[in-house]
Amino acid sequence: MALMPGLAGLLIGGPTWRSLLLMVAWAFCYCFEFTGSRWMVSHRAARFAPPALGYALLTAVTGLILLVGTPGLLRWAPLYLVLGVLNFAAAWMRTERSWWNDTVAVIAACTLCLIAVSLGSQFQKPGSGLDGANSGYFGCQPNPAVDCFANGFLPSAALPSIGVVSAVVFAVTQFGSVIFVKTMIRERGKTWCYLLSLAWNLALCLIGVAMVRTAGWWPLLSAVVLLVRAALLPAIARRRRIPILYVGLVECATSLLVFILVIAQAGVMTTALTGLLGA
């Protein structure tokens, strides 16, 4: 769930050295977050420090290389700084599985999809670079999302519609996954959480219905699969406990389903949602 949005953005936008390096940096960052959180949870136990420091160094090196070639990524630094502080605060307070920290994780992972799309080859302008006009370090070529602040802090190139829609699809489905997993484990047996999960997934189905004419049946069918799993498994778990491993395997399968849906249908979903919002 942490890697799929960024990987989808890389494929949708078209791989470039920037988006590939972004994924490498994100993988190191994820490992740093995991090991760093263990260090924070333990309140700085010495045995957790070496892996955290090692991944922090790898994240810093790859991140700096990326920023040198892509200074426009600095526009996302405030958001990720806040998310990082919140995440480590949750680790320090030993509330890593709280609702708010799960929301932080979803926002961080899904925003990466938008960023990766904006760095993609589909959005690069040929004939620019060292010999092109406005080719200074903070100039507007070849792509304002890469190296331009002259067009404002968030130029349109940093927010391509297909990237925004893809990120939103991942966000709403991943938060639905958070709610579902809560109904199976930490909030197991609590009716309010079960009803929230049903309502969330039913809303996704209704959006899928509204998109059928322009986006086809796949978004709706995917939403129905998510709704069925949210309805049936917690009901079964009320009578007999379902091992956490099985819950994880179900979420691996549904995450893969959403990943394939976004890769295959990002364009048509963008057209459909743009039409709905403009109607």
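Above this note sits the structure.
What about helix H3 (residues 49–69)?
Then, number 1: For H3, built from 21 residues, the straight-helix expectation of 30 Å at 1.5 Å per residue is met to within 8% by its first-to-last C-alpha distance of 30 Å.
Then, number 2: Taken together, the buried positions of H3 are Ala49, Ala52, Thr59, Thr62 and Leu66.

With respect to helix H1 (residues 4–13)
Then, number 1: Of all ten residues that make up H1, seven are buried, and the element is covered over most of its length.
Then, number 2: Within H1, burial applies to Pro5, Gly6, Ala8, Gly9, Leu10, Ile12 and Gly13.
Then, number 3: Directly after H1, the chain includes Gly14, whose backbone phi takes a positive value near 100°.

A look at empty space enclosed by the protein
Then, number 1: All chains considered together, the criterion is met by two cavities of 30 Å³ or more.
Then, number 2: The calculated volume of the largest cavity comes to roughly 120 Å³.
Then, number 3: Residue lining of the largest cavity: Met1, Met4, Phe170, Thr173, Gln174, Ser177, Leu226, Arg229, Glu251, Thr254, Ser255 and Val258, and that is the complete set.
Then, number 4: Taken together, the elements giving at least two residues each to the lining of the largest cavity come down to helix H7 (161–184), helix H9 (218–237) and helix H10 (244–278).
Then, number 5: Counted by class, the lining of the largest cavity contains five nonpolar, five polar and two charged residues.
Then, number 6: Reported here for the second largest cavity is a volume of approximately 40 Å³.
Then, number 7: For the second largest cavity, the full set of lining residues is Thr183, Glu187, Arg188, Gly189, Lys190, Tyr194, Pro234, Ala237 and Arg238.
Then, number 8: When the residues that make up the lining of the second largest cavity are grouped by side-chain class, the tally is three nonpolar, two polar and four charged.

Criteria and thresholds
Residues numbered from 1 in each chain as written. Predicted model: local features only at pLDDT ≥ 70, side-chain atom pairs only at ≥ 80, totals over all residues. Heavy atoms only, no water. Helix = DSSP H or I, 4+ residues; strand = E, 2+ residues; numbered from the N terminus. Expected span 1.5 Å × (residues − 1). Buried < 20%, exposed > 50% of the residue type's maximum accessible area, 1.4 Å probe, protein only. 1 Å grid on protein atoms, 1.4 Å probe; cavity = no way out; pocket = protein on both sides within 12 Å on 5 of 7 lines; lining within 4 Å. Points joined across faces, edges and corners; volume = space filled by probe spheres on them. Nonpolar A, V, L, I, M, F, W, Y, C, P; charged D, E, K, R; others polar.

Purely spatial values, then, with no claim about function.
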